[in-house]
Amino acid sequence: MTEQMLRAAMEAHGDTVYRLALCRLQNTADAEDVYQDVFLRLLEQGTPDWDSQRTKAWLIRATLNRCADEGRFRARRGTIPLERLTEAAGPPEDTAAELWAAVGSLPVKFRTVVHLHYAEGYSTEEIAAMLKLPAVTVRTRLRRARLKLKALLGGDEDV
């Protein structure tokens, strides 16, 4: 892969990689590390004949794998819980920030499908293929995530 192709991939899909890493890891520094590692792996991969969608799918899978690696590393080194950090930061100022903060408090398996479905616009079938899960499992996780968000945010509308 040439430098020009790498730049094009970073411009087209860099935001997706970073947002997914941030969603999974809940830490800006770790998300930036994952972003860098994933694009370095793409450069090493040498895949100039891939179309944009195949490249994006590869980047998402590589990001999920790298986040899992980082999660295992965190388990060994210990971290400060997100709840302690959000309490110190104070209440969110707008509804979107409050919603995404609530999403951030969900377990990883729910947070990931919510991010891929709502922020990235993937269908449940596409998410299922990326995560190597049955589509019904993805739909169940989305439903359970919505119920948890409803409880967290005090919603009274039907999910």
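Keep in mind the model is a prediction, meaning the values are calculated, not measured. (Residues numbered from 1 in each chain as written. Predicted model: local features only at pLDDT ≥ 70, side-chain atom pairs only at ≥ 80, totals over all residues. Heavy atoms only, no water.)

### Some remarks on unusual backbone geometry
Now for step 1: Despite not being glycine, Gln26 has its phi angle at roughly 60°, a positive value.
Now for step 2: The topology assignment puts Gln26 in the loop between helix H1 (3-25) and helix H2 (28-45).
Now for step 3: Looking at Gln26, the relative accessible area reads 27%, which means it is partly exposed.
Now for step 4: For Lys132, which is not a glycine, the phi torsion comes out positive at approximately 55°.
Now for step 5: Assignment of secondary structure puts Lys132 in the loop between helix H7 (124-131) and helix H8 (135-153).
Now for step 6: A relative accessible area of 68% means that Lys132 is categorised as exposed. (Helix = DSSP H or I, 4+ residues; strand = E, 2+ residues; numbered from the N terminus. Buried < 20%, exposed > 50% of the residue type's maximum accessible area, 1.4 Å probe, protein only.)

### Quick word on the side chain of Arg111
Now for step 1: Looking at where Arg111 falls in the secondary structure, it is placed in helix H6 (residues 108-119).
Now for step 2: Of the polar contacts made by the side chain of Arg111, one reaches the backbone oxygen of Cys23; its length is 2.4 Å.
Now for step 3: Ignoring anything within four residues of it in the chain, the contact list for Arg111 reads Cys23, Arg24, Gln26, Val103, Gly104 and Leu106. (Polar contact = N/O pair within 3.5 Å; in protein donor to acceptor, adjacent residues only side chain to side chain. Contact = heavy atoms within 4.5 Å.)

### Digging into the packing of H1 against H2
Now for step 1: Where H1 meets H2, the closest approach of the two axes is 9 Å, and the angle between their N-to-C directions is 140°. The angle between H1 and H2 falls in the class oblique. Considering how the two elements wind past one another, H1 and H2 form a crossing that is right-handed. Across the interface between the two elements, Leu6, Ala9, Met10, His13, Gly14, Val17, Tyr18, Ala21, Leu22 and Leu25 of H1 pack against Thr28, Asp30, Ala31, Glu32, Val34, Tyr35, Val38, Phe39, Leu42 and Leu43 of H2.
Now for step 2: Looking at the contact of H1 with H2 residue by residue, the class counts come to 15 nonpolar, 3 polar and 2 charged. (Axes fitted to C-alpha atoms, helices over the stretch in contact; angles between N-to-C directions. Parallel < 35°, antiparallel > 145°, perpendicular 65-115°, else oblique. Left-handed = near helix turned anticlockwise from the far one by under 90°. Nonpolar A, V, L, I, M, F, W, Y, C, P; charged D, E, K, R; others polar.)

### Quick notes on a nonpolar patch on the surface
Now for step 1: Where nonpolar side chains cluster on the molecular surface, the patch consists of Leu99, Trp100, Tyr118, Leu152 and Leu153 and spans about 460 Å² of accessible area.
Now for step 2: Where the nonpolar patch is concerned, the elements lending two or more residues are helix H5 (95-104) and H8.
Now for step 3: Tracing the backbone through its elements, the reader meets Leu153 in helix H8.
Now for step 4: Given the relative accessible area of 35%, Leu153 is considered partly exposed. (Patch = residues over 30% accessible without salt bridge, like charges linked within 9 Å, V, L, I, M, F, W, Y side chains within 5 Å. Areas by Shrake-Rupley, 256 points an atom, 1.4 Å probe, with all protein chains shown as cover. Salt bridge = Lys/Arg side-chain N within 4 Å of Asp/Glu carboxyl O.)

### Digging into the packing of aromatic side chains
Now for step 1: Per the stated rule, a full pass over the model turns up 2 aromatic pairs.
Now for step 2: On the basis of an interplanar angle of 50° and a centroid distance of 6.0 Å, the ring pair of Trp50 and Trp58 is categorised as tilted.
Now for step 3: What makes Trp50 buried here is its relative accessible area of 15%. (Phe/Tyr/Trp six-rings, centres within 6.5 Å; stacked < 30°, edge-to-face > 60°.)

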